[in-house]
Amino acid sequence: MREITRDELDQAVEGQTIISRFLDTIRAHPDQVGLREKQPDGSFTEWTYAEYADHVAGATAYLQGLGGGAGDRVVLVMRDGPAFLLYFHRR
């Protein structure tokens, strides 16, 4: 297998962002499981991509309500996992 060059990689991803790829995935697979979180009892909580997108939108709206806007930086000090999106969405 040949290595891809930096120029080839740049061309392949030109115009794409993490957000644009996230939105593409949501549009393509809204009803598929997008997140799983293991619970202490060994079971899993699951969210579809559509549910995941709804939580992201809720977190975004919450941060905007605090005065955040495009280009602002936010530092969140918490455990990694879906809980941080759910925390903001429920506020």
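Criteria and cut-off values
Residues numbered from 1 in each chain as written. Predicted model: local features only at pLDDT ≥ 70, side-chain atom pairs only at ≥ 80, totals over all residues. Heavy atoms only, no water. Pairing = 2+ DSSP bridges. Helix = DSSP H or I, 4+ residues; strand = E, 2+ residues; numbered from the N terminus. Axes fitted to C-alpha atoms, helices over the stretch in contact; angles between N-to-C directions. Parallel < 35°, antiparallel > 145°, perpendicular 65-115°, else oblique. Left-handed = near helix turned anticlockwise from the far one by under 90°. Contact = heavy atoms within 4.5 Å. Nonpolar A, V, L, I, M, F, W, Y, C, P; charged D, E, K, R; others polar. Core = buried A, V, L, I, M, F, W, Y, C linked by side-chain atoms within 4.5 Å. Buried < 20%, exposed > 50% of the residue type's maximum accessible area, 1.4 Å probe, protein only. Expected span 1.5 Å × (residues − 1).

(A) Region of interest: the pairing of strand E1 (residues 33-38). As paired strands, E1 and strand E2 (residues 44-48) are joined by five bridges and run antiparallel to one another. When the bridges of E2 are listed, Val 33 appears paired with Thr 48.

(B) Representation of the packing of helix H2 (residues 18-28) against helix H3 (residues 49-65). Where H2 contacts H3, the axes come no closer than 8 Å and their chain directions differ by 140°. Viewed along their axes, H2 and H3 adopt a mutual orientation that is oblique. The handedness of the crossing between H2 and H3 comes out as left-handed. From H2, Phe 22, Thr 25 and Ile 26 reach across to H3, where they touch Tyr 49, Tyr 52, Ala 53 and Val 56. Among the residues forming the contact of H2 with H3, the class breakdown is six nonpolar, one polar and no charged.

(C) Just the nonpolar core, in detail. Counting seven residues, the largest nonpolar core consists of Phe 22, Ile 26, Leu 35, Trp 47, Tyr 49, Tyr 52 and Ala 53. For this core, the secondary-structure elements that each account for two or more residues are H2 and H3. Per-element tally for this core: the top contributor is H3, with three residues. Residues in contact with Phe 22, not counting those within four places in the same chain, are Tyr 52, Ala 53 and Val 56.

(D) Structural detail: H3. If you check H3, its first and last C-alpha atoms are 24 Å apart, about what 17 residues at 1.5 Å a residue would give, namely 24 Å. Those residues of H3 not exposed but buried are Tyr 49, Tyr 52, Ala 53, His 55, Gly 58 and Ala 59. Note on H3: the residue one or two positions beyond its end, Gly 67, has a positive phi of about 105°.

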